[in-house]
Amino acid sequence: MIKKIFIFIGIAVFSLVLAADDGAPLQLEPEQPYVPDRAVIKISNAAVMQMENVKTAGPGKNLKNHPLSMVMSKYTSQIKQLQAARTQDYYIAETIEGCDIETLCRQLRREPFILDASPDYYAVITSTYPNDLYFQYQYALYNTGQVYLPETGLTGTSGSDIKAVDGWDWTRGSESVIIAVIDSGVALDHEDLHSKIVPGYDFVNDDNDPYDDHGHGTFAASIAAAETNNGVGIAGVSWHAGIMPVKVMDKDGYGSYLAISYGMRYSVDNGARVLNLSIGGRSPSFILEDASAYCHGQGAVIAVSAGNTGSAVLYPAAYDDYCLAVAATDANDERPNWSNYGPQVDVAAPGYFVWGADYSPNDPANLNSYHWRSGTSFAAPYVAGAAALVMAYKPFLTNDRIMALIKYTADDVNASEHPGIDDYLGYGRINLQTLLGPYELNDE
Amino acid sequence: MKIKLFLLLFTVFTLALFPADQEQTTQPLKIDYTAGLNFSYNRTPVLMGDDDIENTLIHSYLALEIDVGVSDYFTAGVVAGYATSQLDGPVNFINLPLSLSVSGQSYKSMIFGARARSDFLSWHYFSLRANGEILFLKPFEKESTIQLPIAAGISTVKQSFSQLALELLVQYDGFSTFTVFAGPQLYYLKGKITASEIIEELEGEEEFDYKQKKTFGFTGGVNFELGSHFDLNVKVSLFSKTSLSIEAFYIF
């Protein structure tokens, strides 16, 4: 009887072994990388006490004559050198090239005196907070209620931002998406922009040098797509998008509708899929309407500032079928009274004392400076950057769908006064977390 | 995989060669009927999509099973019942205009299938049994509201799966009131989860296929004979899935 039970148990165990060995090792997660030539060993305190000369082995000292090295003599084909680590009871085994460190650690754990052994795994930074110097003042991207104007001590309301940090968890953009900044040009050699620049054009002087002689375009470009996480300057909304400088405004801040229309058409014909126009005029004209229709028809998303005169939305922002008209909010998600309004306003973004790359043609020696500016001109690039992120993350979406998505995912921040879509902030202040992150479906 | 199949076949072959006192008695063909209730709780590690993202399918069902036994060696039956299923980890549908994340949503549906069992070798108190089971979860869909700050829409998530399990069990019936059994299990699962959304003019659909992470498993259990007409069967499976099944049968 007992024999039969043993036979039964044997077969059961055999089945278990068969089942457990499924060809691949039991591994729930991908292998984590580690320092290639190092294992970390932890020995017991009791063992340390037993060892003579242990006090002579300080951090970094070679333990050639240390008693622990006797244990290690077994592993001469795997361990090159053993050193005390800075942490008490930890030792660093420098391994021979090609050594299988995980196998070595398994073997070491079986040795007397050794409590544990581990590869020295690499951890990764899990946050998407960029390290740009002035990010701390960019309430528009991440508002904790911090001081955003150090000269004045002004603070805002925590959460009154476009939720960029949360959105960057999903994408930080792509070099393949190019934002055309149709403006006064861009300071091409600015430290926070130069690596992002793709060839553009100067329609004011009709040449290939769209260098900024005003400063406005440089500032707008930096908000949309400044080089980010580079330790200097500011963070752009789209970390990786390219910037196409298209100069249509002169040094005094004026540009003809015809030059603007040329710039818009040039942009889409040369690969830009997002257009930022922080410019506008009061008069409608077929010149801008046709250019907007053309660019829209070519699949571009056009973000345009609504205007700063507290009146009707300017053109081309008011061409509602083709453009996203962008109003401004401040660090408390309130609309400055100078932000233009009307039924054409689609969304809003921070445009009140926002930080950007400042360039003054009157002070070219001070090229790499940063400062704040206000205006819907600087709200529109947040939307352009957001559109570039969506294009990178969801390249299958058409421009119309991207425009709709940006609107639908905006926060209705003035709902207490104007619930729903309104003339002041449209659908509301854009929200990159809702735009890019998943909507959670749970059991209700 | 080939080695494991070989080992499985080797086991069967070896058992088949168990010698002499193998008892083969000729019996007149008899047909009997059993009906029972079957409750099963299962956690199956699955791999989803082209990137083989790991997740866990949790499903349980309560089913009615009717079996027909032909002689003492072969039984076949049908199963139908009510099932709930859910994928434990989040499934992120990012190829939609608005990404959706389905997490812990449970789906209630019908489950139906068939089972067959053959006792084909016996030696003293040991016998060898082959079990086969195929089950289908009827596709089920669930609608949810998508409520954005101003815009609103509807999402629909559909889920279905089918599974096939083949078991080769060694059974020991040397005890008077119960029988124990154990053996390897070959397990396949194939499922699909689809999400679609309509938010005003935005719409899209995306689907993920999923399959079992491990093909080979282990099954073991106890069958209690509760009088001449009742059987209670408790079975666990490991490795390919973790499951507990309790079946109560009435033998007509």
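Keep in mind it's a predicted model, so treat the numbers as computed, not measured.

1. Quick look at the overall build of chain A
Looking only at helices and strands, chain A features 11 helices and 16 strands. The proportion of buried residues among the 444 residues of chain A is 50%. Within chain A, contacts between residues separated by at least 24 positions form 69% of all contacts whose residues are at least 6 apart in sequence.

2. A look at the overall build of chain B
Each helix and strand counted, chain B has 1 helix and 13 strands in total. For chain B, the sequential pattern of α-helices and β-strands runs α-β-β-β-β-β-β-β-β-β-β-β-β-β. When the 252 residues of chain B are sorted by exposure, 33% land in the buried category. Considering only intrachain contacts with a sequence separation of at least 6, the fraction spanning at least 24 residues in chain B is 60%.

3. Examining unusual backbone geometry
Geometrically, the link from Tyr 315 of chain A to Pro 316 of chain A is a cis peptide bond, its omega value of 15° lying close to zero. As for its placement among the helices and strands, Pro 316 of chain A is situated in the loop between strand E11 (301–305) and strand E12 (323–329). Of note, Glu 200 of chain B is a non-glycine position whose phi angle comes to about 50°, a positive value. Mapping Glu 200 of chain B onto the fold places it in the loop between strand E9 (178–199) and strand E10 (202–212).

4. A few points about the domain arrangement of chain A
Domain assignment breaks chain A into domain 1 (33–121) and domain 2 (133–436). Spacing between the C-alpha centres of domain 1 of chain A and domain 2 of chain A amounts to 56 Å.

5. Describing the nonpolar core
A general tendency of soluble globular proteins is for nonpolar side chains to be buried together. Residue and element names in this part refer to chain A. Counting 147 residues, the largest nonpolar core has Ile 179, Leu 324, Val 326, Val 383, Ala 387 and Ile 406 as the members making the most contacts within it. When residues of this core are assigned to their parent elements, the largest contribution, 11 residues, is made by helix H9 (residues 380–393). When near neighbours in sequence (up to four residues on either side) are disregarded, Ile 179 contacts Ala 224, Ala 225, Ala 241, Ile 243, Met 244, Ala 272, Val 274, Asn 276, Ala 384 and Ala 388. Counting 18 residues, the second-largest nonpolar core is a separate cluster that includes Ala 39, Leu 68, Met 72 and Ile 101.

6. Re H9 of chain A
With 14 residues, H9 of chain A should cover 20 Å at 1.5 Å per step; its first-to-last C-alpha distance of 20 Å lies within 8% of that length. Counting buried positions over the 14 residues of H9 of chain A gives 13, a clear majority of the element.

7. Let's talk about the pairing of strand E8 (residues 152–172) of chain B
Taken residue by residue, a regular strand's side chains alternate between the two faces of the sheet. Residues and elements named next belong to chain B. Of the strand pairs in this sheet, strand E7 (residues 126–147) and E8 are connected by 20 bridges, and their pairing is antiparallel. Paired with Leu 128 across the two strands is Val 170, which belongs to E8. Where E7 hands over to E8, the hairpin turn is made up of 4 residues, counted between the paired strands. As paired strands, E8 and E9 are joined by 18 bridges and run antiparallel to one another. Bridge pairing in E9 places Ser 162 opposite Lys 190. Taking the residues that link successive antiparallel strands as the turn, the E8-E9 hairpin has 5 residues.

Scoring rules and cut-offs
All chains use their own residue numbering, which begins from 1 and follows the written sequence. Chain labels run from A onward and ligand labels from 1 onward, assigned in the order the entries are written. For a predicted model such as this one, the threshold for reporting local features is a pLDDT of at least 70, and the threshold for listing and counting side-chain atom pairs is 80 or more; totals across whole chains, interfaces and linings nevertheless cover every residue. In this description a helix means any DSSP run of H or I spanning at least four residues, a strand means any run of E spanning at least two, and both kinds are numbered starting from the N terminus. As a rule, residues whose C-beta atom has 12 or fewer other C-beta atoms within 10 Å are exposed, those with 20 or more are buried, and those in between are partly exposed; C-beta atoms are placed from the backbone. Residues are treated as contacting if the C-beta atoms built from their backbones sit within 7 Å of each other. Boundaries of every domain are those given by an automatic assignment or by a domain database. Any nonpolar core is a set of buried residues, restricted to Ala, Val, Leu, Ile, Met, Phe, Trp, Tyr and Cys, that join up through C-beta atoms within 7 Å. By definition here, a helix of n residues has an expected span of 1.5 Å times n minus one. Should DSSP find at least two bridges between two strands, the strands are regarded as paired.

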